[in-house]
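In case you want the letters, here they are:
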Amino acid sequence: MSQATEQTDIVIVGAGFTGIYMAHKAQALGLSLIALERGGGVGGTWYWNRYPGLRCDVESVDYSYSFSPTLQQEWTWTEKFPSQPEILRYLEWAAKKLDVTKYFRFNTEVTAATWHEDITRWRVTTNLGDTVQTIEAKYIVWGTGMLSIPKIPVITGLEDFTGLVLNTATWPQTPVDFTDKKVAVLGTGSSGIQVIPIVAQQAAHLFVLQRTPSFSLPANNKALAPERMAWIKDNYDQYRADARHSRLGCVTESVGKNFAELTPVEARAELERTYNYGSPMRFSSTFNDIVVDQKANKAAADFAREKIRERIADPILAKKLMPDHYITTRRLCIDTNYYETYNRPNVTLIDLREENLVRFTDSGFETTKAPYDIDIFILATGFDAITGALNRIDITGRNGQKLAAKWAVAPSCYLGIAVAGFPNMFVVAGPGSPGPLSNVVLSLEQHVEWITAMLTFLEKEGITTFDPTVEAERAWDDHVAELSNGTLMRFADSWYTGTNVAGKPRGNVVYMGGLAPYEKEIIEVATHGYLGFTLTK
Ligand code: N01
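These numbers were taken from a predicted model, which means no experiment stands behind them. (Residues numbered from 1 in each chain as written. Predicted model: local features only at pLDDT ≥ 70, side-chain atom pairs only at ≥ 80, totals over all residues. Heavy atoms only, no water.)

Caption draft 1: Examining helix α7 (residues 264–277) more closely. Compared with the 20 Å implied by 1.5 Å per residue over 14 residues, the 20 Å span of α7 between its first and last C-alpha is a close match. Along α7, the residues that are buried comprise Ala267, Glu270, Leu271, Thr274 and Tyr275. What you see down the axis of α7 is that its buried residues fit within an arc of 125°, all on one side. At its buried positions, α7 is contacted by β10 (216–218), α8 (280–283) and α9 (294–311). The positive-phi residue at the C-terminal boundary of α7 is Gly278, with phi of around 80°. (Helix = DSSP H or I, 4+ residues; strand = E, 2+ residues; numbered from the N terminus. Expected span 1.5 Å × (residues − 1). Buried < 20%, exposed > 50% of the residue type's maximum accessible area, 1.4 Å probe, protein only. Arc of directions from axis to C-beta. Contact = heavy atoms within 4.5 Å.)

Structure, rendered in structure tokens:
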């Protein structure tokens, strides 16, 4: 069934941190807007990811909106690292407070978006159950998230398995009981590392299938002392300003020196200090050059390995759990009792570098070494990141060009915000933005504010279309690649480079220059009349 085409100034897709803020800004600009969300409520990634143990790896006082003094003063975080339920409550509250929930159509999936040159508008098609809606909009803003499409590996025979199959990224809304169950978890990234200790406490037996060990630090999570929260509220302005001027978008209290500028004793003391604090942002800022200089990286990685070793009783097991990549070029994880979990008698590590996962059967799975009977299988296998959400939507730009086809060659995106050939379209935290390696909430705020300023300019100047030039886009891609190749990220194999998904091109999808330098660059583009864009009246 289809309905009459609706008209609006702007379509916003996604009801996560981006969509809520963008709706607030569009409302203030006086634009008519329709916001679309495939989930049943606001929250974005925090709506879908509900596995037990999930909490953010950025501290709550950083991982929250900085733009509104009212929101900052009225919301009180209860823990150092916020749990998923607390973040979801925060976003639901913020959306209500900003009065934007009314713009969102939930359970509504965007299936296609096509640019129509004759009317200089996007035609957006959505599905709500059996109903097809068509909306024509002057602008479209994708707030579809960097990590919103689960990566599901092809596993032979999984369809024959009669037990329960779960995915950390699409966890059921009601709690799952693991009591007396034999459970297997596939994947040892951030999600696996958080869910494994919780499942191990309940299950009769837990098998962890590990292919690549990650680096993880103890979160040292704790309740936020009321005095600390009160201090933050009194000093939020300065705190946020410091974060905005930093490379990672949060306060790290780093000594601000390269590894070689410190004596071995000083370097060790700094590593101990940032490790004991418990924060990936702080640990990865121990030395300025941790992701650039091999010696600095090795010092931090050796230290982290030493700490991992201390947490595992069996030295053979410790060896199997030891990561060997450049630290921080895959996500540096935080955990609560992750390595200690392997000291439990009901936990078995299956090292997929020693035995291959061959197939699933009705009762479990077989590796090249043995069969394993299980009741529940949990996929913690990550995401088709950054480009994944938009590649799944049939997006057609000028001259019939498909976005998915363009990004199948390379994930090009001017400033990480706009794509040549796709006019009047903004991608928040697209490829080539600092989002993945920063406090992403601040990164999204940067984008939304920059987009708002551009919309104001376009409306004031009576500009009908904007489109980045192919040359400007290529120059940005080259710039991002150059920044990335100047760091150890050039060796990375993870969602940071797209290599976690078979067939995806390896890309420099992360702007490695840091959040503050990035903002300087995009503001420069704006103050010079939107350099690199073709603007048509
Ligand atoms: O996903 P991942 P994630 N056979 O890609 C394994 C954010 N996040 O969901 O590396 C065997 O990191 C894969 O092994 P390998 C955060 O930004 C944040 O855990 O491909 N194994 C890896 O071990 C994070 O970086 C928080 O060899 C397979 C794992 O699955 C991002 O989300 C919490 C496989 C995937 O790890 C993604 O984290 C959760 C296969 N076929 C997530 N396919 C916090 O804030 C995949 N794997 C704390």
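Let's pick the thread back up.
Caption draft 2: Representation of helix α15 (residues 470–485). Its 16 residues give α15 an end-to-end C-alpha distance of 22 Å, which sits within 8% of 22 Å, the value for a rise of 1.5 Å per residue. Among the residues making up α15, those that are buried are Ala472, Glu473, Trp476, Val480, Ala481 and Ser484. Those residues of α15 that are buried are in contact with α13 (403–409) and α16 (515–527).

Caption draft 3: Spatial organisation of the packing of aromatic side chains. In the structure shown here, the tally under the stated rule is 39 aromatic pairs. With a centroid separation of 3.9 Å and 10° between ring planes, the pair formed by Tyr21 and Phe67 is classed as stacked. Separated by 46 residues along the polypeptide, Tyr21 in helix α1 (residues 17–29) and Phe67 in the loop between α2 (45–48) and α3 (69–74) bring together distant segments of the chain. Since its relative accessible area comes to 2%, Tyr21 is described here as buried. Aromatic side chains Trp450 and Phe533 sit 6.3 Å apart centroid to centroid with 35° between the ring planes, which places their arrangement in the tilted category. (Phe/Tyr/Trp six-rings, centres within 6.5 Å; stacked < 30°, edge-to-face > 60°.)

Caption draft 4: Quick peek at the domain arrangement of the protein chain. What the domain assignment reports for the protein chain is domain 1 (6–149 + 384–536), domain 2 (151–214 + 331–382) and domain 3 (246–329). For domain 1 and domain 3, the distance between their C-alpha centroids amounts to 31 Å. Counting from both sides, the interface comprises 24 residues of domain 1 and, opposite them, 21 residues of domain 3. Summing both sides of the interface, domain 1 and domain 3 together bury roughly 1600 Å²; the carbon and sulfur share of this comes to 56%. Our enumeration of links across domain 1 and domain 3 arrives at 1 salt bridge. Remark: the boundary between domain 1 and domain 3 carries 10 residue pairs in polar contact (both at pLDDT 80 or more). The residue inventory of the side of domain 1 that touches domain 3, partitioned by class, reads 12 nonpolar, 7 polar and 5 charged. (Domains from an automatic or database assignment. Buried area = accessible area lost by both parts, 1.4 Å probe. Salt bridge = Lys/Arg side-chain N within 4 Å of Asp/Glu carboxyl O. Polar contact = N/O pair within 3.5 Å; in protein donor to acceptor, adjacent residues only side chain to side chain. Nonpolar A, V, L, I, M, F, W, Y, C, P; charged D, E, K, R; others polar.)

Caption draft 5: Spatial organisation of the environment of Lys319. Counting through the fold element by element, Lys319 comes out in helix α10 (residues 315–320). Accessibility expressed as a relative area gives 69% for Lys319, which makes it exposed. It is 9.6 Å that separates the C-alpha atoms of Lys319 and Arg305, two residues lying 14 residues apart in sequence.

Caption draft 6: Inspection of the packing of helix α14 (residues 440–461) against α16 at higher detail. With their axes 11 Å apart at the nearest point, α14 and α16 run at an angle of 5° to one another. Considering their axes alone, α14 and α16 lie roughly parallel with respect to each other. Each of Leu442, Ser443, Gln446, His447 and Trp450 in α14 lies in contact with α16, whose residues at this interface are Leu515, Tyr518, Glu519, Ile522, Ile523, Val525 and Ala526. Taken together, the residues of the contact of α14 with α16 sort by class into 8 nonpolar, 3 polar and 1 charged. (Axes fitted to C-alpha atoms, helices over the stretch in contact; angles between N-to-C directions. Parallel < 35°, antiparallel > 145°, perpendicular 65-115°, else oblique.)

Caption draft 7: Region of the structure containing the site of the ligand. Lining the immediate surroundings of the ligand are 25 residues, of which Ser191, Arg211, Thr212, Arg330 and Trp495 lie closest. The separation between an oxygen atom of the ligand and a polar main-chain atom of Thr188 is 2.9 Å. Here the ligand has 900 Å² of accessible area as a free molecule, and 87% of this is covered by the chains. Examining the composition of the shell around the ligand, we find that 3 residues originate from one element, helix α5 (residues 190–202), more than from any other. By residue class, the composition of the shell around the ligand is 10 nonpolar, 9 polar and 6 charged. Each of two domains, domain 1 (6–149 + 384–536) and domain 2 (151–214 + 331–382), supplies a minimum of three residues to the shell around the ligand. (Near = heavy atom within 4 Å. Areas by Shrake-Rupley, 256 points an atom, 1.4 Å probe, with all protein chains shown as cover.)

Caption draft 8: Quick look at the nonpolar core. Core analysis: the largest hydrophobic core is formed by 129 residues, its most contacted members being Phe17, Tyr65, Phe178, Phe283, Leu415, Trp450 and Phe533. No other element matches the 9 residues that α14 contributes to this core. For Trp450, the contacting residues outside a window of four places in its chain are Leu415, Ile417, Phe426, Ile522, Ile523, Val525, Ala526, Tyr530 and Phe533. Counting residues in hydrophobic clusters, the runner-up holds 23 residues, among them Val124, Trp142, Leu403 and Phe422. (Core = buried A, V, L, I, M, F, W, Y, C linked by side-chain atoms within 4.5 Å.)

Caption draft 9: Focus on the pairing of strand β19 (residues 465–468). In β19, alternate side chains face the same way, and those of Thr465 and Asp467 on one face and Phe466 and Pro468 on the other are all buried. Summarising the sheet, β19 and strand β20 (residues 533–536) pair through 4 bridges and their orientation is antiparallel. Along β20, the bridge assignment pairs Pro468 with Phe533. (Pairing = 2+ DSSP bridges.)

Caption draft 10: Geometry of the sheet that holds strand β7 (residues 164–167). Strand order in the open sheet formed by 5 strands is β7-β16-β8-β9-β12, with parallel pairing between adjacent strands. Single-partner strands in this sheet number two, and they are β7 and β12 (347–351). Mean inter-strand twist for the sheet, computed between neighbouring axes without regard to direction, equals 20°. In terms of strand pairing, β7 meets strand β16 (residues 376–379) through 4 bridges, oriented parallel. Within β16, the position partnered with Val165 by the bridge is Phe377. Against the sheet, α5 makes contact with β8 (182–186), β9 (205–210), β12 and β16, and its axis sits at roughly 160° relative to β9, the strand it touches most.

Caption draft 11: The arrangement of the pattern of salt bridges in detail. One pass over the structure, following the stated rule, counts 31 salt bridges. Across the pair Lys307 and Glu272 runs a salt bridge, and its minimum N-O distance is 3.3 Å. One end of the pair, Lys307, is in helix α9; the other, Glu272, is in helix α7, with 35 residues separating them in the sequence. On the accessibility criterion, Glu272 (23% relative accessible area) is partly exposed. Residue Arg353 pairs with Asp351 through a salt bridge whose shortest N-O separation is 3.1 Å. Note on Arg353: relative accessible area 44%, which makes it partly exposed.

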